[in-house]
Amino acid sequence: MTRQERFKHIIEYFEEHMPVAETELEYTTPFELLVAVILSAQCTDKRVNMVTPKLFKHFPSAESLATAKVEEIYDLIKSISYPNNKAKHLSSMAKMLSFQFGGEVPSEREELMKLPGVGRKTANVIASVVFDKPAMAVDTHVFRLSNRLGLTTNSKTPLQTEETLVKYIPAHLIPKAHHWLILHGRYVCLARKPKCEECGLTPYCRYYATQQRKGE
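Here the residue numbering is sequential within each chain, running from 1 through the sequence in written order. Only residues with pLDDT of 70 or above have their local features reported here, since the model is predicted, and side-chain atom pairs are shown and tallied only from 80 upward, although totals for entire chains, interfaces and linings are computed over all residues. With hydrogens and water excluded, all non-hydrogen atoms of the structure serve as input to the side-chain values.

**Student:** Run through the environment of Y27, naming residues and quoting values.
**Tutor:** By definition, any uninterrupted DSSP run of H or I lasting at least four residues is a helix, any uninterrupted run of E lasting at least two residues is a strand, and each is numbered from the N terminus. Inspection of the secondary structure puts Y27 in the loop between α1 (3–17) and α2 (30–39). Each residue's exposure class comes from its accessible area (1.4 Å probe, protein chains only) as a fraction of the maximum for that residue type: buried when under 20%, exposed when over 50%, partly exposed otherwise. Accessibility expressed as a relative area gives 32% for Y27, which makes it partly exposed. For the pair Y27 and T140, spaced 113 residues apart in sequence, the C-alpha separation works out to 22 Å. With sequence-adjacent residues up to four places away left out, Y27 is seen in contact with E32, L33 and V129. The contact rule is simple, with two residues in contact once any of their heavy atoms fall within 4.5 Å.

**Student:** Can you tell me about the domain arrangement of the protein chain, naming the residues and giving the values?
**Tutor:** Where each domain starts and ends follows an automatic or database-derived domain assignment. Its domain assignment divides the protein chain into domain 1 (3–21 + 136–213) and domain 2 (30–131). Its C-alpha centre places domain 1 at a distance of 28 Å from the equivalent point of domain 2. Each side of the interface is counted separately: domain 1 has 10 residues, and domain 2 has eight residues. The buried area of a pairing is the accessible area, by a 1.4 Å probe, that goes missing from both parts when the two are put together, added over both. In total, about 630 Å² of surface goes out of reach between domain 1 and domain 2, with carbon and sulfur atoms giving 54% of it. By definition here, a salt bridge exists when the distance from a side-chain nitrogen of Lys or Arg to a carboxyl oxygen of Asp or Glu is within 4 Å. In this structure, the connection of domain 1 to domain 2 is made through three salt bridges. Note that R120 is salt-bridged to E162, the shortest N-O span being 2.8 Å. Distance and chemistry together define a polar contact, namely a pair of N or O atoms within 3.5 Å, with one atom able to donate a hydrogen and the other to accept it when in protein, and with adjacent residues in sequence counting only for side-chain atoms on both sides. The interface formed by domain 1 and domain 2 includes five residue pairs in polar contact (both at pLDDT 80 or more).

**Student:** Could you give an account of the UniProt feature "domain: Helix-hairpin-helix DNA-binding motif class" (unreviewed entry) in the protein chain, naming the residues involved and the relevant values?
**Tutor:** Within this numbering scheme, the UniProt entry marks residues 110–129 as carrying the feature "domain: Helix-hairpin-helix DNA-binding motif class" (unreviewed entry). Here residues 110–129 runs as 65% helix and 0% strand, with 16 Å between its end C-alpha atoms. UniProt positions are given in the numbering used here, feature names are shortened, and annotations may be inferred rather than shown by experiment.

**Student:** How would you explain helix α3 (residues 45–58) if you had to name every residue and give the values?
**Tutor:** Between its terminal C-alpha atoms α3 stretches 20 Å, which fits the 20 Å expected from 14 residues at 1.5 Å a residue. Bending is quantified residue by residue as the angle between axes fitted to the seven-residue window ending at that residue and the seven-residue window starting at it. The sharpest bend along α3 comes to roughly 35°, located at T52, with the proline P53 sitting one to four residues further on. Those residues of α3 that fall on the buried side of the exposure criterion are D45, V48, N49, V51, T52, L55 and F56. Buried residues along α3 sit against α2, α5 (70–77), α6 (83–101) and α11 (174–187). Expected helix span is given by 1.5 Å per residue-to-residue step, counting one fewer step than there are residues.

**Student:** Just give me the short version of the pattern of salt bridges, but keep the residues and values in it.
**Tutor:** Overall, the coordinates contain seven salt bridges when judged by the stated rule. When the shortest N-O distance is used, the salt bridge between K133 and E108 registers 3.2 Å. Of this pair, K133 sits in the loop between α8 (120–129) and α9 (140–149) while E108 sits in the loop between α6 and α7 (109–112), and the two are 25 residues apart along the sequence. Residue K114 is joined to E111 by a salt bridge in which the shortest nitrogen-to-oxygen separation is 2.8 Å.

**Student:** Describe unusual backbone geometry, naming the residues involved and giving the relevant values.
**Tutor:** With a phi close to 50°, Y82 is a non-glycine residue in the positive phi region. Of note, Y82 is situated in the loop between α5 and α6. With relative accessibility at 48%, the residue Y82 sits in the partly exposed group. Phi at D132 takes a positive value of approximately 55°, unusual for a residue other than glycine. With respect to the element layout, D132 can be found in the loop between α8 and α9.

Here it is, written out as structure tokens:
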């Protein structure tokens, strides 16, 4: 099976079985999603969704968050992983967003990456989810699945994975494909023990084929 064929079959499967694929982070504005994505680094969406309602009630905008003390932010997010660093990032991000961007979340990845706490992955999430741009955010699930399925070959970095996925996935599907891979990785293709018996992608999966050859 060629890589093009593998991509074609996997995309067709997801289009049929997961026609709606969206972020599980809860938000109502681009600013709220930006905050939630920053908080979600090395933390579950479920935990983030438990914390953000109170945070957004206190600080519903970049302008209001920019006036908050780091200690105030910390108190509201302390059950999240790495709360000290994230509180500082949110404070600095809100200040820059308020003073340099008029409180509006920018749509371009390069502009987003100027914000404290916003790396390439976070910028790609915002660009794709909020602005429907063909930006592929590569988190641990996307990185793992791309290698396991055989969409990438010996990809060593998230950027290598991103470049391959963007090359082979049609641009209009990239925002949705990001969530296809995340959700499949979160609920089916688990890191330690993938649920191959429940997976509809086994006919196209390089990992599954390798396991079958081993007799496992």
